[in-house]
Amino acid sequence: MICLHVPGDAGRRFLFKSDPVPPNPMRVLFLHCDVLEYEVREKALPSAEDLPPEKRRGRIEDALVCFISAEKEDESDVEGIVQEAVRNIEEVAAQVKATRVAIYPYAHLSSSLAASGPAKTIFALLEERLRKSGFQVLASPFGYYKSFKVSVKRHPLSELSREIHPASAATAKDDVSEAVKAEQKLVSEWFILEPNGD
Ligand code: SSA
């Protein structure tokens, strides 16, 4: 932080503090659906793995569909973001009493996407953890254009979105607020430098 005391300006202090870079959290659009169906079209990423015919179409009924954008910020804490995403999906699934989930990589919720390598890892881990947690999971293929149809249920909780931060970010936030509290207790000492150096 830079503090300036400007002589002759009624003792006004000017504080310049570099703002923390605004975080870009993972975004999830949750739709509680009667049905989701998709069909794979062409590759959106040249690196997308070739798919066997049975993976080129998917359908799930009575499921919580999660459209997910992995964000740049998630790259630095893949484990933390996966843990929090699973926790949020479990929470929303419990609210709507869903035992089936679809995870759908969806780049269009984000303005700062994670690179495809880490994003793909995040989706693979999510799929694995959600299965371990007891859900029936449909994972739509990563890196492809797809056509899809969804039929959303009509109850009030059937559409919602969440921003998800890695588990460690909550601690980081607390740290920041503690730092701010400590700063408020500081007693400042002010020195005035005249142009002649006195
Ligand atoms: N054709 C390229 C741009 O030149 C393209 O569409 N890139 S994309 O970033 O939109 O990603 C294409 C597909 O890769 C997405 O539809 C999704 O399946 C997957 N994908 C890549 N990065 C992400 C990400 N960070 N989060 C979610 N899905 C992603």
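What you see is a predicted model; the values in this text were computed from it and never measured.

**Digging into the nonpolar core**
Then, in step 1: Formed by 29 residues in total, the largest nonpolar core has its most connected members in Leu64 and Leu130.
Then, in step 2: For this core, the secondary-structure elements that each account for two or more residues are strand S3 (26-43), strand S4 (57-69), helix H1 (78-96), strand S5 (100-105), helix H2 (116-132) and strand S8 (159-164).
Then, in step 3: The element contributing the most residues to this core is H1, with eight residues.
Then, in step 4: In this view, Leu130 contacts Val86, Ile89, Val101, Ile103, Phe135 and Val137; residues no more than four positions away in its chain are not counted.
Then, in step 5: Among the nonpolar cores identified, the runner-up in size contains 15 residues, and Leu31, Leu51, Ala63 and Tyr104 belong to it.

**Here's the deal with the site of the ligand**
Then, in step 1: As a structural note, the neighbourhood of the ligand is formed by 17 residues, with Ala44, Ala70, Ala114, Gly143 and Tyr145 the closest of them.
Then, in step 2: Between the ligand and the protein, one listed contact pairs a nitrogen atom with a backbone N or O atom of Ala44 at 3.1 Å.
Then, in step 3: Between Tyr145 and the ligand, the recorded distance is 2.9 Å, taken from a side-chain N or O atom to a nitrogen atom.
Then, in step 4: Those elements that provide at least two residues to the shell around the ligand are S4, H2 and strand S7 (144-152).
Then, in step 5: In terms of residues, the shell around the ligand owes the most to one element, S7, which gives three residues.
Then, in step 6: Per-class residue counts for the shell around the ligand are 14 nonpolar, two polar and one charged.

**So, the confidence of the model for the chain**
Then, in step 1: This prediction gives the chain a mean pLDDT of 82; 73% of its residues lie at or above 70.
Then, in step 2: Residue range residues 1-19 is modelled with pLDDT below 50. Its contacts to residues more than four positions away, or to other chains, number 25 contacts.

**Some points on H1**
Then, in step 1: The terminal C-alpha atoms of H1, which comprises 19 residues, lie 27 Å apart, in line with the 27 Å expected from a rise of 1.5 Å per residue.
Then, in step 2: Gly80, Ile81, Val82, Glu84, Ala85, Val86, Asn88, Ile89, Val92, Ala93 and Val96 are the residues of H1 that are buried.
Then, in step 3: Residue Lys97 follows H1 closely and has a positive phi angle near 60°.

**Topic: the packing of H1 against H2**
Then, in step 1: The interhelical angle for the contact between H1 and H2, taken along N-to-C directions, is 45°, at an axis separation of 10 Å. Considered as vectors, H1 and H2 are oriented oblique to each other. Pair H1 / H2 crosses with right-handed handedness. Two secondary-structure elements touch here, H1 through Val78, Glu79, Ile81, Val82, Ala85, Val86 and Ile89 and H2 through Thr121, Ile122, Leu125, Leu126, Arg129 and Leu130.
Then, in step 2: Residue composition of the contact of H1 with H2, by class: 10 nonpolar, one polar and two charged.

**Quick notes on H2**
Then, in step 1: Over its 17 residues, H2 runs 24 Å from end to end, which matches the ideal 24 Å to within 8%, given 1.5 Å per residue.
Then, in step 2: Residues of H2 that are buried in the fold lie against S3, S4, H1, S5 and strand S6 (136-139).
Then, in step 3: Following H2 by one or two positions, Gly134 has its phi on the positive side, about 105°.

Rules of the game
Along each chain, the written sequence defines residue order, and numbers are assigned to residues from 1. Confidence filtering applies because this is a predicted model: local features only for residues at pLDDT of at least 70, side-chain atom pairs given and counted only at 80 or more, and all residues used for totals across whole chains, interfaces and linings. Excluded from the side-chain calculation are hydrogens and water; included are all heavy atoms of the structure. Take the buried residues of types Ala, Val, Leu, Ile, Met, Phe, Trp, Tyr and Cys, join any two whose side-chain atoms come within 4.5 Å, and each joined set is a nonpolar core. For each residue, the accessible area found with a 1.4 Å probe, counting protein chains only, is set against the maximum for its type, and the residue is called buried under 20%, exposed over 50%, and partly exposed in between. The helix count covers DSSP runs of H or I at least four residues long, the strand count covers runs of E at least two residues long, and both are numbered beginning at the N terminus. The criterion used for residue contact is that any of the two residues' heavy atoms lie within 4.5 Å. One heavy atom suffices: a residue is near a molecule or strand as soon as one of its heavy atoms comes within 4 Å of it. Polar contact criterion, stated in full: a pair of N or O atoms within 3.5 Å, where within protein one must be able to donate a hydrogen and the other to accept it, and residues adjacent in sequence count only if both atoms are side-chain atoms. Ten residues, namely Ala, Val, Leu, Ile, Met, Phe, Trp, Tyr, Cys and Pro, are considered nonpolar, four, namely Asp, Glu, Lys and Arg, are considered charged, and the remaining ones, Gly among them, are considered polar. Per residue, pLDDT captures the predictor's confidence, and it can take any value from 0 to 100. Helix span, as expected, comes to 1.5 Å for every residue beyond the first. Under this scheme, a helix contributes an axis fitted over its contacting stretch, all axes are lines through C-alpha atoms, and angles between N-to-C directions fall in the 0 to 180 degree range. Roughly parallel means an angle under 35 degrees; roughly antiparallel means over 145; roughly perpendicular covers 65 to 115; every other angle is labelled oblique. What makes a crossing left-handed is the near helix being turned counterclockwise from the far one by less than a right angle; a clockwise turn instead makes it right-handed.

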